[in-house]
Amino acid sequence: MEPIIEMVGVEKDYASGPVVVRALIDAHITVNEGEFVAIVGPSGSGKSTLMNIIGCLDRPSRGTYRLAGYDVGSRSNNARAVLRNRLIGFVFQGFNLLPRTTALENVELPLVYRGQRAKHRRAHARAVLAQVGLADRVDHTPNQLSGGQQQRVAIARALVTDPPLLLADEPTGNLDTRTSDEILALLQRLNRERSLTIVLVTHESDVALCASRVITMRDGHVRSDVRQSSPRDAGEAAARAQSEPEPTSARPGGE
Ligand SMILES: Nc1ncnc2c1ncn2[C@@H]1O[C@H](COP(=O)(O)OP(=O)(O)OP(=O)(O)O)[C@@H](O)[C@H]1O
Ligand SMILES: [Mg+2]
């Protein structure tokens, strides 16, 4: 497998007034195509800083970052945007769907920007929505969908352009445990079936356990980088939860 992410001595400083914050220090990270990486660490440890650089939203202050072989640091904002559009899908904690716009139209949007013809992009968006289990919800607007369904639409939108890399910042942060496992099961399946490379930031250890590799950040440093030989199977957990009775909120003697 080819490396898709290659960082050599990458650093990021933020100037805030007279103080310089060293948000990322001497990061050496190589991620091969088809890996599923979780990034964990306390608040302020540099996770989003690292993701912003991986996602070509920001440039390193020092060091070299290559994405699919392209040297990102030496490129203009425009050239970085082109790389980003071609190579990366983004998923966020808050879903970030357009309101009053159907699931189908939300997923079509990246193809509109690419100038694809309406008939072709509609068929393509439908197919990707079917892959994430939403064939019967294409005409629903976000407020007519559950949180998990909204995140599925967001994943379909991120993948409709067929990028090799998916970046997800706390993708299950707004979801309950069962729904979170369903979304993780979908990500694990996409990782397995499409060899989609996934880099995901999370605060939850249950989420990180689903990845095949866990990078721990602390004070701007990569503290550890560990492979997990048998990741947690989120699909199994979700199926188990499905077969259990709904938790009841009724308390004996309660009002
Ligand atoms: N634009 C900025 N200007 C100045 N300092 C910044 C900026 N962005 C981040 N920082 C600082 O860089 C450090 C790393 O921030 P970062 O957002 O990467 O942390 P994080 O690990 O994502 O935290 P969280 O879990 O809370 O999201 C923090 O000390 C933060 O205050
Ligand atoms: Mg963050």
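In this text the structure is predicted, and so the values were computed from the model without any measurement.

Rules used in this analysis
- Residues numbered from 1 in each chain as written.
- Chains lettered and ligands numbered in written order.
- Predicted model: local features only at pLDDT ≥ 70, side-chain atom pairs only at ≥ 80, totals over all residues.
- Heavy atoms only, no water.
- Helix = DSSP H or I, 4+ residues; strand = E, 2+ residues; numbered from the N terminus.
- Rg over C-alpha atoms; globule rule 2.2 N^0.38 Å.
- Contact = heavy atoms within 4.5 Å.
- Areas by Shrake-Rupley, 256 points an atom, 1.4 Å probe, with all protein chains shown as cover.
- Lys, Arg positive; Asp, Glu negative; His and termini not counted.
- Charge placed at Lys NZ, Arg CZ, Asp CG, Glu CD.
- Phe/Tyr/Trp six-rings, centres within 6.5 Å; stacked < 30°, edge-to-face > 60°.
- Buried < 20%, exposed > 50% of the residue type's maximum accessible area, 1.4 Å probe, protein only.
- Core = buried A, V, L, I, M, F, W, Y, C linked by side-chain atoms within 4.5 Å.
- Near = heavy atom within 4 Å.
- Polar contact = N/O pair within 3.5 Å; in protein donor to acceptor, adjacent residues only side chain to side chain.
- Nonpolar A, V, L, I, M, F, W, Y, C, P; charged D, E, K, R; others polar.
- Pairing = 2+ DSSP bridges.
- Axes fitted to C-alpha atoms, helices over the stretch in contact; angles between N-to-C directions.
- Parallel < 35°, antiparallel > 145°, perpendicular 65-115°, else oblique.
- Left-handed = near helix turned anticlockwise from the far one by under 90°.

**Q** Mind showing me how you'd approach the overall build of the chain here?
**A** Looking only at helices and strands, the chain has 8 helices and 10 strands in total. The C-alpha radius of gyration of the chain comes to 19 Å, within 12% of the 18 Å expected for a compact globule of 255 residues. Long-range contacts, defined here as pairs at least 24 residues apart, represent 69% of the contacts in the chain between residues at least 6 apart. Total accessible area on the chain stands at roughly 12,900 Å², and carbon and sulfur atoms take up 48% of it. Charged side chains in the chain number 31 positive and 29 negative. The centres of these two groups are separated by 7 Å.

**Q** Please clarify how the packing of aromatic side chains should be interpreted in this entry.
**A** Two numbers describe a pair of aromatic rings. These are the distance of the centres and the angle of the planes. Going through the model one piece at a time under the given rule, you end up with 1 aromatic pair. Ring centres of F90 and F92 lie 6.1 Å apart, and the angle between their planes is 5°; this geometry places the pair in the stacked category. A relative accessible area of 33% places F92 in the partly exposed class.

**Q** In this structure, what is going on with the nonpolar core? I would like to understand it.
**A** Where a protein is soluble and globular, its nonpolar side chains tend to be buried together. Ranked by size, the top nonpolar core spans 41 residues in total, and within it L129, V153, I155, L166 and L200 carry the most contacts. Secondary structure elements with two or more residues in this core: strand 3 (36-40), helix 3 (103-113), helix 4 (118-131), helix 5 (147-159), strand 7 (165-169), helix 6 (177-194), strand 8 (197-201) and helix 7 (205-208). Once residues lying within four places of it in the same chain are set aside, the contact partners of L129 are A103, L104, V107, L134, A135, V138, V153 and A156. Counting 27 residues, the second largest nonpolar core, distinct from the first, contains I5, I29, I54 and V72.

**Q** Looking at this model, I keep getting lost on unusual backbone geometry. Mind explaining?
**A** The general pattern is negative phi for most residues beyond glycine and trans for most peptide bonds. Even without being glycine, D26 reaches a positive phi, approximately 50°. Within the secondary structure layout, D26 lies in strand 2 (residues 19-32). Of note, the phi angle at F95 is positive, near 65°, even though the residue is not glycine. Locating F95 in the fold gives a position in the loop between strand 6 (88-92) and helix 3.

**Q** Explain the site of ligand 1 to me, please; I cannot follow it from the model alone.
**A** Around ligand 1, the neighbouring residues are Y14, V21, A23, P42, S43, G44, S45, G46, K47, S48, T49 and H203. T49 is positioned with one of its side-chain polar atoms (N or O) 2.6 Å from an oxygen atom of ligand 1. Relative to its unbound accessible area of 640 Å², ligand 1 is 60% covered by the protein chains. Mapped onto the shell around ligand 1, the elements with two or more residues apiece are strand 2 and helix 1 (47-54). The element that contributes the greatest number of residues to the shell around ligand 1 is helix 1, accounting for 3 residues. Class assignment of the residues belonging to the shell around ligand 1 gives a composition of 4 nonpolar, 7 polar and 1 charged.

**Q** Got a minute to help me understand the sheet that holds strand 3 in this structure?
**A** The strands making up a sheet associate through backbone hydrogen bonding, with each pair oriented either parallel or antiparallel. Across the sheet, which stays open at both edges, the 6 strands sit in the order 6-7-8-3-9-10 with mixed pairing between neighbours. In the strand order of this sheet, the two ends are held by strand 6 and strand 10 (221-227), each with one partner. Each adjacent strand pair in this sheet contributes to an overall mean axis angle of 15°, direction not counted. Where strand 9 (residues 213-218) meets strand 10, 6 bridges bridge the pair, whose relative direction is antiparallel. Each residue of the ladder has a partner; that of T216, found in strand 10, is S224. Running at roughly 80° to strand 6, helix 2 (residues 77-87) makes contact with strand 6 and strand 7 of the sheet.

**Q** Got a minute to help me understand the packing of helix 3 against helix 4 in this structure?
**A** The packing of two helices is summarised by the inter-axis angle and the distance between the axes. One way to put it is that helix 3 packs onto helix 4 with a least axis distance of 9 Å and a crossing angle of 120°. Classified by the angle their axes make, helix 3 and helix 4 are oblique. Helix-helix and strand crossings are classified by hand; for helix 3 and helix 4 the assignment is right-handed. Here A103, L104, V107, E108, L111 and V112 of helix 3 lie close against helix 4, whose contacting residues are R121, R122, H124, A125, R126 and L129. A breakdown of the residues in the contact of helix 3 with helix 4 according to their chemical character gives 7 nonpolar, 1 polar and 4 charged.

**Q** So what exactly am I meant to see when it comes to the environment of N106 here?
**A** Examined against the element boundaries, N106 turns out to sit in helix 3. On the accessibility criterion, N106 (1% relative accessible area) is buried. Beyond its immediate sequence surroundings of up to four residues, N106 is in contact with L97, L98, T101, P142, V153 and R157.

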